[in-house]
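# Per-entry structural report
So the chains spell out like this:
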Amino acid sequence: MSQTSSSSTETAPSFGGAALAQYLSDLAAKIPAPGGGAVAALHAAQAAALVAMVARYTTRAKDAENRPVVDRIIEAADSARERALALADADAAAFTAVGAAYRLPKDTPEDLAARTAAINAALIEAARVPAAVVDEADEVLSLAAELFPIGNPNVVTDIGAAADACRAAATSSQLNIEINVASLPAAEGDRFAAVLVRIDELTARADALHADVVHAVRR
């Protein structure tokens, strides 16, 4: 989510209920949201869905020994998918709040102080949402890595696809965190330093899992 546009739009329907074609049409339109923040959250949601799908294919009789782990992964991945969808909606709301804050009056010192406070609060929320997306991507990537050694080999490539989607969720979120933090006072922006560092570690883990899946396919 960036802060560059001050356009307004009608409240969008929840991403959880949007048809894919309509979502893509809205994404392509000249409207403030959805944008990159929603895309990042939906990457995380897709990653979670892929992990849950592979886990559900790992419920054969021969998988009985691993069934408790598989069932836990299914439950965790389904929950992560729902949280990621909610974050797509939260990103759109945060984008709208940033635009509204920048449009506040600044005619008097009191107006200016109130506007500055509102902008900072909106920017913090606009950075918090993609930081939460990183949290979801991190959890889903851990689930994918845990599932990889025991998952149904017939759908192992979907674990690699999930890793790639987690990576995309994290790096796309990084952009949205960075642009909002850049406009915050240093003391406020510093609270996001740890998540930005964690993104580098997450991408390395995602790349490693992708490579492990490629190796498994080529064996």
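Residues numbered from 1 in each chain as written. Predicted model: local features only at pLDDT ≥ 70, side-chain atom pairs only at ≥ 80, totals over all residues. Heavy atoms only, no water.

## Observations regarding the overall build of the protein chain
Here is the rule we go by: In DSSP terms, a helix is any run of H or I states spanning at least four residues, a strand is any run of E spanning at least two, and both are numbered starting from the N terminus. Buried residues are those whose accessible area, probed at 1.4 Å on protein chains only, stays under 20% of the maximum for their type, while exposed residues exceed 50% and partly exposed ones sit between those limits. Contacts: residue pairs with any heavy atoms within 4.5 Å of one another. Only the protein chains shown count as cover for residues, with accessible areas throughout obtained via the Shrake-Rupley method and a probe of 1.4 Å.
A count of helices and strands for the protein chain gives seven helices and zero strands. Each helix and strand of the protein chain, ordered N terminal to C terminal, gives the series α-α-α-α-α-α-α. When the backbone C-alpha atoms are referred to their principal axes, the protein chain occupies close to 70 × 35 × 30 Å. For the protein chain, the proportion of its 219 residues judged to be buried stands at 42%. For the protein chain, long-range pairs separated by at least 24 residues make up 80% of all intrachain contacts whose partners lie at least 6 apart in sequence. Accessible surface, the protein chain as shown: approximately 10,800 Å² in total, 57% of it carbon and sulfur.

## Concerning the nonpolar core
Using the following cut-off: We define the nonpolar core as a collection of buried residues of types Ala, Val, Leu, Ile, Met, Phe, Trp, Tyr and Cys that are connected through side-chain atoms lying within 4.5 Å of one another.
By size, the foremost hydrophobic cluster in this structure holds 63 residues, and its most contacted members are V51, I177 and F192. Contributions of two or more residues to this core are made by α2 (36-56), α3 (67-102), α4 (109-147), α5 (156-181) and α7 (193-218). What I177 contacts, discounting residues up to four positions off in sequence, is A127, P130, A131, V134, F192, V195, L196 and I199.

## Focus on the environment of A211
Locating A211 in the fold gives a position in helix α7. Each C-alpha atom, one on A211 and one on G160, is 8.0 Å from the other, the two residues being 51 residues apart in sequence.

## Focus: the confidence of the model for the protein chain
We apply this condition: Each residue carries a pLDDT score, the predictor's own confidence in it, on a scale running from 0 to 100.
A residue-level look at the protein chain finds 92% of positions with pLDDT of 70 or above and a mean pLDDT of 92. The low-confidence segment residues 1-10, where pLDDT is below 50, has 27 contacts with residues more than four positions distant or belonging to other chains.

## Concerning the packing of α3 against α4
Between two packed helices, what matters for the description is the angle formed by their axes and the separation of those axes. As a reminder of what qualifies: Axis angles are defined between N-to-C directions and span 0 to 180 degrees, where every axis is a line fitted to C-alpha atoms and, for a helix, only to the segment in contact. In these notes the angle categories are as follows: under 35 degrees is roughly parallel, over 145 is roughly antiparallel, 65 to 115 is roughly perpendicular, and the rest is oblique. A crossing counts as left-handed when the near helix is turned anticlockwise from the far one by less than a right angle, and as right-handed when that turn is clockwise. Each residue receives one of three labels: charged for Asp, Glu, Lys and Arg, nonpolar for Ala, Val, Leu, Ile, Met, Phe, Trp, Tyr, Cys and Pro, and polar for the others, Gly being one of them.
Between α3 and α4, the least distance of the axes is 9 Å, while the angle of their chain directions is 160 degrees. By the angle between their directions, the pair α3 and α4 is classed as roughly antiparallel. Read as a crossing pair, α3 and α4 show a hand that is left-handed. Residue classes in the contact of α3 with α4 are distributed as 23 nonpolar, no polar and eight charged.

## Comments concerning the pattern of salt bridges
The criterion, for reference: We define a salt bridge as a contact between a side-chain nitrogen of Lys or Arg and a carboxyl oxygen of Asp or Glu at a distance within 4 Å.
Throughout the structure, instances matching the rule amount to 15 salt bridges. Of the charged contacts, one joins D71 and R67 as a salt bridge, the two residues approaching to 2.8 Å between their closest N and O atoms. Of the two residues, D71 and R67 both sit in helix α3, four residues apart, roughly one turn of that helix. The exposure class of D71 is partly exposed, given its relative accessible area of 36%. When its relative accessible area of 35% is taken as the criterion, R67 is described as partly exposed.

## As for the environment of S172
We apply this condition: By the criterion applied in these results, polar contacts are pairs of N or O atoms within 3.5 Å in which, for protein atoms, one can donate a hydrogen and the other can accept it, and in which residues neighboring in sequence qualify only through two side-chain atoms.
Assignment of secondary structure puts S172 in helix α5. Along the chain, S172 and K62 lie 110 residues apart, while their C-alpha atoms are 39 Å from each other. The residues touching S172, leaving out its near neighbours within four places in the chain, are A40 and H43. Side-chain polar atoms of S172 contact the backbone oxygen of A168, separated by 2.9 Å.

## Observations concerning unusual backbone geometry
Here the amide bond leading from A33 into P34 is cis, since omega sits at 10 degrees, within 30 degrees of zero. Note that P34 resides in the loop between α1 (20-28) and α2.

## Notes on the environment of P149
Here P149 lies in the loop between α4 and α5. Classification of P149 as exposed rests on a relative accessible area of 64%. Separated by 63 residues in sequence, P149 and D212 place their C-alpha atoms 10.0 Å apart.

## A word on the side chain of T203
Among the structural elements, T203 can be located in helix α7. Among the residues examined, T203 registers a relative accessible area of 11% and is labelled buried. In contact with T203, other than residues within four places in its own chain, are R167 and T171.

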